[in-house]
Amino acid sequence: ITVPIAVLVCIASWLTTCWSDPGTVTQDNLEAHLKAYPYDYVLHKPKECPTLGFACPARSKFCRVTRRRVAKFDHFCGWMNNAIGENNLRYFVSFLALHVGLVSYLAWLCFYVVYGELTRRNVWGLSFEGAGGAPVTLSQDWGLLTRFCMYHFGPIIMLGVFLVILTVMLGAFFGYHVWMIKD
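The following refers to the structure shown. Because the structure is predicted, anything quoted here is derived from the model rather than measured. (Residues numbered from 1 in each chain as written. Predicted model: local features only at pLDDT ≥ 70, side-chain atom pairs only at ≥ 80, totals over all residues. Heavy atoms only, no water.)

Re the overall build of the protein chain
Filter applied, for reference: Each helix is a run of DSSP H or I of at least 4 residues and each strand a run of E of at least 2, with the numbering of both proceeding from the N terminus. As defined in this context, the radius of gyration uses C-alpha atoms, and a globule is described by 2.2 Å times the residue total to the power 0.38. Only protein chains enter the accessibility calculation, which uses a 1.4 Å probe; a residue whose area is less than 20% of its type maximum is buried, one above 50% is exposed, and one in between is partly exposed. Residue contacts follow a heavy-atom distance rule, with two residues in contact if any of their heavy atoms lie within 4.5 Å. Each accessible area value is a Shrake-Rupley result obtained with a 1.4 Å probe; residue values ignore everything except the protein chains displayed when judging cover. His is not counted, nor are the chain ends; Lys and Arg add positive charge and Asp and Glu add negative charge. One atom stands in for each charge, and that atom is NZ of Lys, CZ of Arg, CG of Asp or CD of Glu.
Scanning the protein chain for helices and strands turns up four helices and seven strands. For a compact globule of 183 residues, the expected C-alpha radius of gyration is about 16 Å, and the protein chain comes in at 25 Å, more than 25% above that figure. Projecting the C-alpha coordinates of the protein chain onto the three principal axes gives extents of approximately 85 × 35 × 25 Å. Burial statistics for the protein chain: of 183 residues in total, 33% are counted as buried. When contacts within the protein chain are restricted to residue pairs at least 6 apart in sequence, those whose partners lie at least 24 apart make up 52%. With the model as given, the accessible surface of the protein chain reaches about 11,700 Å², and the carbon-plus-sulfur share is 66%. Each charge sign in the protein chain was given a centre, from 15 positive and 11 negative side chains, and these centres are 4 Å apart.

Structure representation (C-alpha cells):
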C-alpha cells in the first residue's frame, strides 16, 4: 500500500508544480515586487522590460516560453511545462525530493527482488565446473554470477541500473537546488 500512496503523492507534487503560478509580475503587483526585492545598483539596476513595457523588479526575468515576467526566475522546466520562480520553487524542490526517494526505493526493490529470487532458488550453493575442472559456486565467481543474473534477470537488472543512474541525477539536481536556496 505504501508504493501506490507514494506514487500518488509524487503525481500530486508534479501537478501542483505544473499548475502553480511561478510568481508572475504584473502591473497590479509590481509595487509589491519592487518593495520585496530592492535594487542593489551592482547587479540589479532599474530598467524597463522591453517586452511588457513596465519596470523590472530586481531578480526577475522574462520567460520567453511562458511569455511572462517571473519574480526570482530559476528556469523554465520542460517536464513541468511551467516556469520555476518565487512562488512555485518550494513545490519543485519537494517534487525533486519525493522523486529521489521513490526512484531510489524502486532501484533498491529491483535488486532486492533479484537477490530474493537467487536465494529462493538456492542459486548461491550451485556448483559449476570451473577452470581446471574444480567445482566453483556462483558466490565465488562474480563473472559467472553476473552472466547468470543477466541471462535470467536481465530486464529487471537493467531497470535497476537505470533507476540508480536516475537517482544520482535527480539527487544531484535536488542537492544543487538546496544549495542554491540556502545561499
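What follows continues from the structure just given.
Remarks on the sheet that holds strand S1 (residues 24-25)
Sheets are built from strands paired through backbone hydrogen bonds, the pairs being either parallel or antiparallel. Going by this rule: Criterion used throughout: strands pair if DSSP finds at least two bridges between them.
The strand order S1-S3-S2 describes an open sheet built from three strands, whose pairing is antiparallel. Among the strands making up the open sheet, the edge pair consists of S1 and strand S2 (60-63). Where S1 meets strand S3 (residues 68-71), two bridges bridge the pair, whose relative direction is antiparallel. Bridging from a neighbouring strand, Thr24 pairs with Val70 of S3.

Brief notes about the nonpolar core
The condition is simple: For the purposes of this section, nonpolar cores are sets of buried Ala, Val, Leu, Ile, Met, Phe, Trp, Tyr and Cys residues that join through side-chain atoms within 4.5 Å.
Formed by 15 residues in total, the largest nonpolar core has its most connected members in Cys77, Met80, Ile84, Phe92, Leu96, Leu163 and Leu170. Counting only elements with at least two residues in this core, the list comes to helix H3 (89-120) and helix H4 (142-182). Excluding residues within four positions of it along the chain, Met80 makes contact with Trp14, Thr17, Cys18, Phe92 and Phe95. Core analysis: the second largest hydrophobic core is formed by nine residues, Val114, Val123, Leu138 and Phe148 among them.

Side note on a nonpolar patch on the surface
Put simply, the rule is: The patch calculation keeps residues exceeding 30% relative accessible area without a salt bridge and links them within 9 Å when they carry like charges or within 5 Å when they are nonpolar (Val, Leu, Ile, Met, Phe, Trp, Tyr). Each reported salt bridge corresponds to a side-chain nitrogen of Lys or Arg within 4 Å of a carboxyl oxygen of Asp or Glu.
Taken together, the side chains of Phe111, Met150, Met158, Val161, Val164, Ile165, Val168 and Met169 make up a nonpolar region of the molecular surface, amounting to roughly 700 Å² of accessible area. Among the elements that take part in the nonpolar patch, H4 stands out by supplying seven residues, more than any other. Inspection of the secondary structure puts Met150 in helix H4. Classification of Met150 by relative accessible area gives partly exposed; the value is 34%.

A few points about the side chain of Asn82
To keep things clear, this is the line we draw: Identification of polar contacts relies on pairs of N or O atoms within 3.5 Å, with a donor-acceptor requirement for protein atoms, meaning one able to donate a hydrogen and the other able to accept it, and with residues adjacent in sequence counted only if both atoms are side-chain atoms.
Note that Asn82 resides in strand S5 (residues 82-84). From its side chain, Asn82 meets the backbone oxygen of Thr17 in a polar contact 3.1 Å long. When residues no more than four places from it in sequence are discounted, the contact partners of Asn82 are Thr17, Cys18, Ser20, Pro22, Arg68, His75, Phe76, Cys77 and Asn88.

Looking at the packing of H3 against H4
To keep it simple, the criterion reads: Angles shown run from 0 to 180 degrees and are taken between the N-to-C directions of axes, each axis being a line fitted to C-alpha atoms and, for helices, limited to the stretch in contact. Any angle that falls under 35 degrees is termed roughly parallel, while one over 145 is termed roughly antiparallel, one within 65 to 115 roughly perpendicular, and all others oblique. Rotating anticlockwise by less than a right angle from the far helix to the near helix defines a left-handed crossing, while the corresponding clockwise rotation defines a right-handed one. Side-chain classes follow a simple rule in which Ala, Val, Leu, Ile, Met, Phe, Trp, Tyr, Cys and Pro form the nonpolar group, Asp, Glu, Lys and Arg form the charged group, and the remainder, Gly included, forms the polar group.
Running from N to C, H3 and H4 cross one another at 160 degrees; their axes reach a closest spacing of 8 Å. Taken as axis vectors, H3 and H4 run roughly antiparallel relative to one another. Along this stretch, H3 crosses H4, giving a crossing that reads as left-handed. Among the residues making up the contact of H3 with H4, the classes are represented as 30 nonpolar, six polar and one charged.

Quick look at the pairing of S3
Bridge count between S2 and S3: four bridges; the pairing is antiparallel. Along S3, the bridge assignment pairs Ser60 with Ala71. Adjacent in sequence and paired antiparallel, S2 and S3 are bridged by four residues, among which Arg67 carries a positive phi angle near 60 degrees.

Regarding the environment of Trp124
Within the secondary structure layout, Trp124 lies in the loop between H3 and strand S6 (127-129). When the C-alpha atoms of Trp124 and Asn82 are compared, they prove to be 50 Å apart, with 42 residues separating the residues in sequence. Not counting residues within four places of it along the chain, the set of residues in contact with Trp124 comprises Tyr115, Leu118, Thr119, Thr137, Leu138, Ser139 and Leu145. In terms of polar contacts, Trp124 uses its side chain to reach the side chain of Thr119, at 3.1 Å.

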